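Structural description and commentary
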Amino acid sequence: RIRRAEVSSPLPGPGLRSGVRADWGARSCCCFSSLWIMLLLPLLLFCLSGLASPVEVKRPRGVSLTNHHFYDESKPFICLDGSATIAFDRVNDDYCDCQDGSDEPGTAACPSGRFHCSNAGYRPQYIPSSRVNDGICDCCDTTDEYNSGVVCENTCKEMGRKEREALKQMAEVAREGFELKKGLIDEASKRKEEKQRKLSELQDGKKSVEEKVEALRLLKEAAEKPEKEAKDAHMKAWEAQKTAEREAKDQARAEEAFRELDVDADGVVSVTELQARAELDVDGDGIMTDSEAQGLLGDSLQVDLVRFQSTVWAAIKEKYQREVSAPALPFCPLLLRSGFVSLHRTHPKEATLILLFGRTPKRPVKQL
């Protein structure tokens, strides 16, 4: 009824949520009340069973109320396991006729039999039939010692009272536990609602901040776009300028190398002129062969400046070494010896070795 009234109410969203919370609280109270009743019901029934006057149902000794319909004096008795059918006067005759011992519920004749203690005022129970009339009181109502001569005291009411008190204490503890649980649930529900409210506020704030950040990002990109375009254009022009400068320097080096290699100044570099530069050896054995020289010249015997710049220079510029003038030496009469007059066309290392040893070494300069 509460939920139907809240749904049909014209109030806006908050009113509906408060109605749902009221409905949940009503359901929680009903749930706890039901659990409380279910917990107390066994105790109440137990107390009423102790106060009510017992109703005697005619049945053989040691038979429970649930099995008394199997023991009808007007009919032959059928063993509960179906193993045999005997006359009813043979029930509790102190002789075991059934394999399951069901014909002797009130005697100790059958080893597998069971004796039922009614225990009025307390819990009924089963005991092995071997304990019947053994001189020890096993049933609190003393029904198991009916023919042993032992005088037993009926303690069922006292035991029932103690058990009812224990059950009452357990019920009180359970009630306190339910009350505590209910309080914890209510507190947790309030905390959950508060956290959900804060979470909703934070989510709304997050969305607003994200929108502001996105707007600022767009403004920043719009402001930086001209600067970025100008910077990119400047970088491209600068890179193009650097590339042009490098290419110009490379062309200048190529022209200088061509003039140095063109010893006879005939405007071409020949195989013989290329063989004079040992540092350009391809296989590193210190000897420039004709085939190696022709390979560097593009399979030609000679190349002009244009072909040298486009073909040969790219292959030799890493190994090519410029000619360096021989260092000035102090005057020495030994320099007047023949063979030391024209050293300006000789490799600096070879010139130094010639001055030291008076001859060109047989091993390559690099190995020395």
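Notes on the structure follow. (Residues numbered from 1 in each chain as written. Predicted model: local features only at pLDDT ≥ 70, side-chain atom pairs only at ≥ 80, totals over all residues. Heavy atoms only, no water.)

1. Let's talk about helix α6 (residues 305-316)
Structural remark: α-helix, 3.6 residues per turn; residues separated by three or four positions point the same way. Here is the rule: Strands are runs of DSSP state E lasting at least 2 residues, helices are runs of H or I lasting at least 4, and numbering of each runs from the N terminus. Working rule for helices: expected span equals 1.5 Å times residues minus one. The buried label goes to any residue with under 20% of its type's maximum accessible area, the exposed label to any with over 50%, and the partly exposed label to all in between, with areas taken from a 1.4 Å probe on protein chains only. Picture the helix axis, draw a direction to every C-beta atom, and the arc is the one those directions span. We call two residues in contact when some of their heavy atoms are within 4.5 Å.
For α6, spanning 12 residues, the distance from its first C-alpha to its last is only 14 Å, which falls clearly below the expected 16 Å at 1.5 Å a residue. Residues of α6 that are buried: F308, V312, W313 and I316. Taken down its axis, α6 places every buried residue within 105° of arc, on the same side. Counted as exposed and oriented over 90 degrees from the buried face of α6: V306, S310 and A314. Buried positions along α6 lie against α3 (156-261), α5 (290-296) and β6 (302-303).

2. Description of the packing of aromatic side chains
In plain terms, the rule: Here a Phe, Tyr or Trp ring, Trp counted by its six-membered ring, pairs with any other such ring whose centre lies within 6.5 Å, and the pair is stacked when the planes are under 30 degrees apart, edge-to-face when over 60, and tilted otherwise. In this analysis the charged atom, NZ for Lys or CZ for Arg, is taken to sit over a ring once it is within 6 Å of the ring centre and within 35 degrees of the ring normal.
Inspection of the entire model under this criterion finds 3 aromatic pairs. Look at F308 and W313: their rings are 6.3 Å apart centre to centre, the planes differ by 40°, and that puts the pair in the tilted class. This pair shows no difference in class: F308 is buried, exactly as W313 is. In this structure an aromatic cluster arises from ring pairing among F258, F308 and W313. Taking the ring centre of Y146 as reference, the NZ or CZ of R61 above it sits at 3.8 Å.

3. Digging into the packing of α3 against α6
Definition in use: Orientation is described by lines fitted to C-alpha atoms, with helices fitted over the stretch in contact, and by angles between N-to-C directions that extend from 0 to 180 degrees. Roughly parallel means an angle under 35 degrees; roughly antiparallel means over 145; roughly perpendicular covers 65 to 115; every other angle is labelled oblique. Classification convention: Asp, Glu, Lys, Arg as charged; Ala, Val, Leu, Ile, Met, Phe, Trp, Tyr, Cys, Pro as nonpolar; all other residues, Gly among them, as polar.
At a minimum axis separation of 10 Å, α3 and α6 run at an interaxial angle of 100°. On the basis of the axis angle, α3 is roughly perpendicular to α6. When α3 is examined against α6, the residues D250, Q251, R253, A254, E255, A257, F258 and L261 are found in contact with a partner set consisting of L305, F308, Q309, W313 and I316. The residue makeup of the contact of α3 with α6, split by class, is 8 nonpolar, 2 polar and 3 charged.

4. Remarks on the pattern of salt bridges
Put simply, the test is: Just to be clear on terms, a salt bridge is a Lys or Arg side-chain nitrogen sitting within 4 Å of an Asp or Glu carboxyl oxygen.
Taken as a whole and assessed by the stated rule, the structure comprises 15 salt bridges. Across the pair R191 and E187 runs a salt bridge, and its minimum N-O distance is 2.7 Å. Pair noted here: R191 and E187 are both in helix α3, with a separation of 4 residues, about one helical turn. Judged by relative accessible area, which is 51%, R191 ranks as exposed. Overall, the relative accessible area of 36% leaves E187 in the partly exposed class. With a closest N to O distance of 2.5 Å, E221 and R217 form a salt bridge. Residue E221 and its partner R217 are located together in helix α3, separated by 4 residues, close to a single helical turn. Under the relative-accessibility criterion, E221 is labelled partly exposed at 42%. On the basis of relative accessibility, which here comes to 35%, the residue R217 falls in the partly exposed class.

5. Considerations on the state of the cysteines
Inclusion rule: Any two cysteine sulfur atoms within 2.5 Å of one another count as a disulfide.
This structure, assessed with the given rule, holds 5 disulfides. In this model, C96 is linked to C110 through a disulfide, with the two sulfur atoms separated by 2.1 Å. Where C96 bonds to C110 through sulfur, the torsion about that S-S bond is close to 115°, and the disulfide is right-handed. A residue pair is termed long-range when its members are at least 10 positions apart, and C96 in the loop between β2 (85-86) and β3 (114-117) and C110 in the loop between β2 and β3 qualify at 14 residues.

Distances and angles like these do not, on their own, reveal function.
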